[in-house]
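Each chain, letter by letter, is given below.
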Amino acid sequence: DVYRGADVVLDRAVAIKVLTERDDGERDRFLREARSMARLNHRNVVAVYDAGRDASSSFIVMELVEGRTLASVPANELTVHTAIRHYIEILEALAYAHASGVIHRDVKPTNVMVLPNGTVKVMDFGLARRTSDMSAASSAGEIVGTIAYLPPERFLGKIADARSDLYSVGVMLYETFTGSVPFKSESDDLVAVIFGHVNEPPAPPRTINRAVPAQVERIIMRLLEKDPDSRYQ
């Protein structure tokens, strides 16, 4: 649960994320999230101010961000220029996180906030892990996040890295410029979506929307390569 709160010491509004789950494993993971995020200090990343736990709950105190998620911005408001500017800021946030040893692992439009002044902030590193904390054992079989935006390696039990976040950005770009994600199922058939990510080439964006600039299509298609070695590194 996320609440609007007041920091009475520093006289500012904050967001307070409260974990109602009492399982010790979940609570430990929640505080790992806070530690991952607290290491990040960047204009395009939602800041973490504090964290703690008591007998009944764990909490994270974060920067309060007023605005809309990228998912809720109407398509007619996103010109090519505006969209590219948003994605540059998203990539700057991820580049900073990756350089700090943090992989987001859940990059999707609902985790990106667009402020009234146009600034973009990436939030909810809820599935983030320090790269040093990752092993095949911790990621194999741990399918989390939103299926539509996950890279093929996540379904194959392989370790997620910076290139995995870039694949997710590729899915978001594809959706922004074509109006739909590259792999979807009208019947919510998760197996079909997973099969698409792992085995099927995405339709080139310009076959869906001729207005997509050729350079943008080239970037999207490279981001969506199945093999991480073939993506931007």
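Residues numbered from 1 in each chain as written. Predicted model: local features only at pLDDT ≥ 70, side-chain atom pairs only at ≥ 80, totals over all residues. Heavy atoms only, no water.

1. Considerations on the overall build of the protein
A count of helices and strands for the protein gives eight helices and nine strands. Taking 233 residues into account, the globule formula puts the C-alpha radius of gyration at 17 Å, and the protein, at 18 Å, falls close to it. Put simply, the protein has 233 residues, and 48% of those count as buried. Taken as two groups, the 28 positive and 32 negative side-chain charges of the protein have centres that lie 4 Å from each other. (Helix = DSSP H or I, 4+ residues; strand = E, 2+ residues; numbered from the N terminus. Rg over C-alpha atoms; globule rule 2.2 N^0.38 Å. Buried < 20%, exposed > 50% of the residue type's maximum accessible area, 1.4 Å probe, protein only. Lys, Arg positive; Asp, Glu negative; His and termini not counted. Charge placed at Lys NZ, Arg CZ, Asp CG, Glu CD.)

2. Considerations on the nonpolar core
One broad rule of soluble globular proteins: the nonpolar side chains tend to lie buried together. Core analysis: the largest hydrophobic core is formed by 50 residues, its most contacted members being Ile-90, Phe-125 and Met-172. Counting only elements with at least two residues in this core, the list comes to α1 (24-38), β4 (58-63), α2 (80-99), β7 (112-114), β8 (120-122), α5 (162-178) and α8 (214-223). At eight residues, α5 tops the list of elements feeding residues into this core. In this structure Met-172 touches Leu-70, Tyr-87, Ile-90, Val-107, Lys-108, Pro-109, Val-112 and Tyr-149, once residues within four positions along its chain are discounted. (Core = buried A, V, L, I, M, F, W, Y, C linked by side-chain atoms within 4.5 Å. Contact = heavy atoms within 4.5 Å.)

3. Some details on the sheet that holds β4
Taken together, the four strands give an open sheet; going across it, the order is β1-β2-β4-β3, and neighbouring strands pair in antiparallel fashion. Lying at the two open borders of the sheet, with one neighbouring strand each, are β1 (2-7) and β3 (48-53). Here the average twist between neighbouring strands, direction ignored, is 25°. Bridging between β3 and β4 involves five bridges; their strand directions are antiparallel. When the bridges of β4 are listed, Val-48 appears paired with Met-62. Strands β2 (12-19), β3 and β4 of the sheet are contacted by α1, whose axis makes an angle of about 160° with β3. (Pairing = 2+ DSSP bridges. Axes fitted to C-alpha atoms, helices over the stretch in contact; angles between N-to-C directions.)

4. Things to note about the environment of Arg-12
Among the secondary structure elements, Arg-12 is positioned in strand β2. In this structure the C-alpha to C-alpha distance between Arg-12 and Glu-63, which are 51 residues apart in sequence, comes to 9.3 Å. The contacts of Arg-12, once residues within four sequence positions are left out, are Gly-5, Ala-6, Asp-7 and Tyr-49.

5. Notes on the sheet that holds β7
In spatial order, the strands read β5-β7-β8; together these three strands make up an open sheet with antiparallel pairing. Each having just a single partner strand, β5 (68-69) and β8 make up the two edges of the open sheet. As paired elements, β5 and β7 share two bridges and run antiparallel to each other. Pairing of Arg-68 across the sheet is with Val-114, part of β7. Set on the sheet, α2 makes contact with β7 and β8; between it and β8 the angle comes to about 35°.

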